[in-house]
Amino acid sequence: MIWDHFFYPQRVVIIGVSSSSKKMGYHVLKSLKECGFKGKVFVVNPKHEEVLGVKAYPSLEAISEPIDLAILVIPSKEVIEVLRECGKKRVKCVLVISSGFSESDLFEGEELQRNLKKVAEEEGIRIIGPNTFGFVNLDGDLNASFTPSFSLLKKGGVSLLSQSGGICHLILAYAIRENIGLNKIVGLGNRVNTDFWDLLSYLNRDESTKSIALYLEGVEEPRRLLEAIKDTIKFKPIVVHKAGKSQKADKAAKSHTGSLAGPYKVYQGALKQYGAILAKDPLELIAMAETLSLQSPLRGNRIGVISLVAGLGMVILDLLEENGFEVANFSELTQKRLFELMPPYTIRTNPVDLGYIANNKELCGEVIKTVFEDENVDGVILSYIYSWSEDFLELPVEAICEAISKTKKPSVMCLDTPPGIWEEERRRLKEAGLPIFTRPDFAVRALLGLWQYGRIRERFKV
């Protein structure tokens, strides 16, 4: 399959590499050198014998070995000629990072893109781009972008397709801070002959991708996008953030990637109808997608809330109601057990307040397992914040992991601490498949994604 040559290449060439750290070509090579890529890297620059320790060739033709992926970081007016050289070399996959095509206001940019598409069709070449930061495949140790920092991301199950490189970089910083695992990240750019539906079809069959996130501004063929979403959600959840709600943002989409946007409400309704889950902003997009990559769909909306402090429990109750959830009514057996475990001067109903037993890790664990096991509870939100000191307060990690493993109930956690506190505990909980967020609204919205996907699967009889 041609997409494997993009995401799992054996030989990559960078055309337009530079020895200057002020140039993008320099950073593309740096990304490939620092990402642990196990294949061969070639560079083309007739002015140098080597760049960053890699032998430089005067031309693509001078490289004797076959090439799987070519990365172009050259002026836009040179791209078409080099694309023809790629055709002669039988390179079928090309990443065009260069800008100056249909996203510009100049007629010559539109003309260049039309010619680029024509030549690509003549030579049988697939292009990601132009006007993109590149793409990343953490599953294949490949960073084909001008940002080496993408290699710092944790490998996980979320693949991101985006019309904005800036949004990918926003998500990069957030995902590193929150230890969110990503798989493939693609900046589609101007989509000259590779669009959302092409890559959705590929990711649908990609075993390492568990959920898909889309940042969408607009497309010229919305029906093809919707049909691709409908086909994919039968196997994997898709979360979408659609930009362009305001008229000015809608207009700006055209100058950003040359995309045709359209009325936000029309897109919103159509995306929902075809099975997409909608996120309010890019960070919620990736938070929801991560949760869907780790957890099973939520089959009901009755939620149990367990909080270390009562105030945060109240906040979560408000958020649950705003998002259409029900606060679960515990069974008589659960209520009896909680009254036996917990003192009378704390809240023993839903939300459960652990504050007065916080320094007893074993007792907190028993309470947590009791709530998870309640037949009236469809899902659980755990809320812990750092209070007192580590000597006084311990996270009941073993009990939480046991409850998740035994009941298989969808669950999320709101956990916030100063830097360096509970890092090992956080790691173990994430390894057990528990999504963790520092903000309660993200935790609730992530749980909403699980509930919506459960209803989507029922609607499409999956």
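Residues numbered from 1 in each chain as written. Predicted model: local features only at pLDDT ≥ 70, side-chain atom pairs only at ≥ 80, totals over all residues. Heavy atoms only, no water.

## Concerning the overall build of the protein
Consideration 1: What the protein contains, in helices and strands, is 16 helices and 20 strands.
Consideration 2: For the protein, the C-alpha radius of gyration of 25 Å lies close to 23 Å, the compact-globule estimate for 462 residues.
Consideration 3: A principal-axis box enclosing the C-alpha atoms of the protein has dimensions of 80 × 45 × 35 Å.
Consideration 4: Each of the 462 residues in the protein was classed as buried or not, and the buried ones make up 59%.
Consideration 5: Considering only residue pairs separated by 6 or more positions, the protein has 76% of its internal contacts joining residues 24 or more positions apart.
Consideration 6: Summed over all atoms, the accessible surface of the protein reaches about 19,700 Å², with 50% contributed by carbon and sulfur.
Consideration 7: Counting 59 positive and 59 negative side-chain charges, the protein places the averaged centre of each group 5 Å from the other. (Helix = DSSP H or I, 4+ residues; strand = E, 2+ residues; numbered from the N terminus. Rg over C-alpha atoms; globule rule 2.2 N^0.38 Å. Buried < 20%, exposed > 50% of the residue type's maximum accessible area, 1.4 Å probe, protein only. Contact = heavy atoms within 4.5 Å. Areas by Shrake-Rupley, 256 points an atom, 1.4 Å probe, with all protein chains shown as cover. Lys, Arg positive; Asp, Glu negative; His and termini not counted. Charge placed at Lys NZ, Arg CZ, Asp CG, Glu CD.)

## Quick word on the pattern of salt bridges
Consideration 1: Going through the model one piece at a time under the given rule, you end up with 28 salt bridges.
Consideration 2: For the salt bridge of Arg 11 with Glu 65, the shortest nitrogen-to-oxygen distance reads 2.9 Å. Taken together, the positions of Arg 11 in strand β1 (residues 11-15) and Glu 65 in the loop between β4 (54-57) and β5 (69-72) put the pair 54 residues apart, joining distant regions of the chain.
Consideration 3: Judged by its relative accessible area of 26%, Arg 11 falls in the partly exposed class.
Consideration 4: Relative accessible area serves as the criterion here: at 22%, Glu 65 is assigned to the partly exposed category.
Consideration 5: Of the charged contacts, one joins Lys 38 and Asp 141 as a salt bridge, the two residues approaching to 2.6 Å between their closest N and O atoms. Pair noted here: Lys 38 is in the loop between α2 (24-34) and β2 (40-44) and Asp 141 is in the loop between β8 (134-137) and β9 (142-145), with a separation of 103 residues, a long-range link.
Consideration 6: The class of Lys 38 is exposed, set by a relative accessible area of 70%.
Consideration 7: For Asp 141, a relative accessible area of 29% corresponds to the partly exposed category.
Consideration 8: Where salt bridges share partners, they join Lys 336, Arg 337, Glu 340, Glu 366, Lys 369 and Glu 402 into one cluster. (Salt bridge = Lys/Arg side-chain N within 4 Å of Asp/Glu carboxyl O.)

## Considerations on helix α10 (residues 282-294)
Working note: α-helix, 3.6 residues per turn, so residues spaced by three or four point in the same direction.
Consideration 1: If you check α10, its first and last C-alpha atoms are 19 Å apart, about what 13 residues at 1.5 Å a residue would give, namely 18 Å.
Consideration 2: The element α10 is largely enclosed, with a buried count of 11 among its 13 residues.
Consideration 3: What α10 keeps buried is the set Pro 282, Glu 284, Leu 285, Ile 286, Ala 287, Met 288, Ala 289, Glu 290, Thr 291, Leu 292 and Ser 293.
Consideration 4: The N-capping residue of α10, defined by a side-chain oxygen 3.0 Å from the backbone nitrogen of Leu 283, is Asp 281. (Expected span 1.5 Å × (residues − 1). Polar contact = N/O pair within 3.5 Å; in protein donor to acceptor, adjacent residues only side chain to side chain.)

## Topic: the side chain of Asn 45
Consideration 1: Mapped onto the secondary structure, Asn 45 falls in the loop between β2 and β3 (50-51).
Consideration 2: In terms of polar contacts, Asn 45 uses its side chain to reach the backbone amide nitrogen of Lys 47, at 2.9 Å.
Consideration 3: With sequence-adjacent residues up to four places away left out, Asn 45 is seen in contact with Val 17, Ser 18, Ala 56 and Tyr 57.

## A look at the confidence of the model for the protein
Consideration 1: With 95% of its residues at a pLDDT of 70 or more, the protein shows a mean pLDDT of 93.
Consideration 2: Of the regions scoring below 50 in pLDDT, residues 253-258 engages in 24 contacts with residues more than four places distant in sequence or in other chains. (pLDDT = per-residue confidence, 0-100.)

## Remarks on the environment of Gly 39
Consideration 1: Relative to the helices and strands, Gly 39 is located in the loop between α2 and β2.
Consideration 2: Taking relative accessible area as the criterion, Gly 39 reaches 24% and is therefore assigned partly exposed.
Consideration 3: Each C-alpha atom of the pair Gly 39 and Leu 72 lies 18 Å from the other, and the pair is 33 residues apart in sequence.

## Re the pairing of β2
Consideration 1: Pairing analysis gives 5 bridges linking β1 to β2, with the strands arranged parallel. Counterpart to Arg 11 in the pairing with β2 is Lys 40.
Consideration 2: Handedness of the β1-α2-β2 crossover: right-handed. (Pairing = 2+ DSSP bridges. Right-handed = clockwise from strand over helix to strand, strands pointing away.)

## Description of the packing of aromatic side chains
Consideration 1: As enumerated under the stated definition, the model contains 11 aromatic pairs in all.
Consideration 2: Taking 5.6 Å as the distance between ring centres and 25° as the angle between the ring planes, the aromatic pair formed by Trp 3 and Phe 6 counts as stacked. Of this pair, Trp 3 and Phe 6 both sit in helix α1 (residues 2-7), 3 residues apart, which is roughly one turn of the helix. Both residues of the pair, Trp 3 and Phe 6, count as buried. (Phe/Tyr/Trp six-rings, centres within 6.5 Å; stacked < 30°, edge-to-face > 60°.)

## Thoughts on the nonpolar core
Consideration 1: Core analysis: the largest hydrophobic core is formed by 103 residues, its most contacted members being Ile 71, Phe 135, Leu 182 and Leu 214.
Consideration 2: Of the residues forming this core, the biggest block, 10 residues, is contributed by helix α16 (residues 440-459).
Consideration 3: Setting aside chain neighbours within four positions, we find Phe 135 in contact with Phe 6, Phe 7, Leu 69, Leu 95, Ile 128, Leu 142, Asn 143, Ala 144, Ser 145, Ile 185 and Val 186.
Consideration 4: With 34 residues, the next largest nonpolar core counts Leu 363, Cys 364, Leu 395 and Leu 434 among its residues. (Core = buried A, V, L, I, M, F, W, Y, C linked by side-chain atoms within 4.5 Å.)

## So, unusual backbone geometry
Consideration 1: The linkage connecting Gly 129 with the following residue, Pro 130, adopts the cis geometry, with an omega of -5°.
Consideration 2: Along the chain, Pro 130 falls in the loop between β7 (126-128) and β8.
Consideration 3: With omega at 10°, the peptide bond leading from Asn 350 into Pro 351 counts as cis.
Consideration 4: With respect to the helices and strands, the residue Pro 351 is situated in the loop between α12 (332-341) and β17 (352-353).
Consideration 5: Backbone geometry at Arg 191 places phi at a positive 55°, although glycine is not the residue there.

## Concerning the sheet that holds strand β6 (residues 93-96)
Consideration 1: Pairing is mixed in the open sheet, where 7 strands are placed in the order β3-β4-β2-β1-β5-β6-β7. The outermost strands of the open sheet, each flanked by one partner alone, are β3 and β7.

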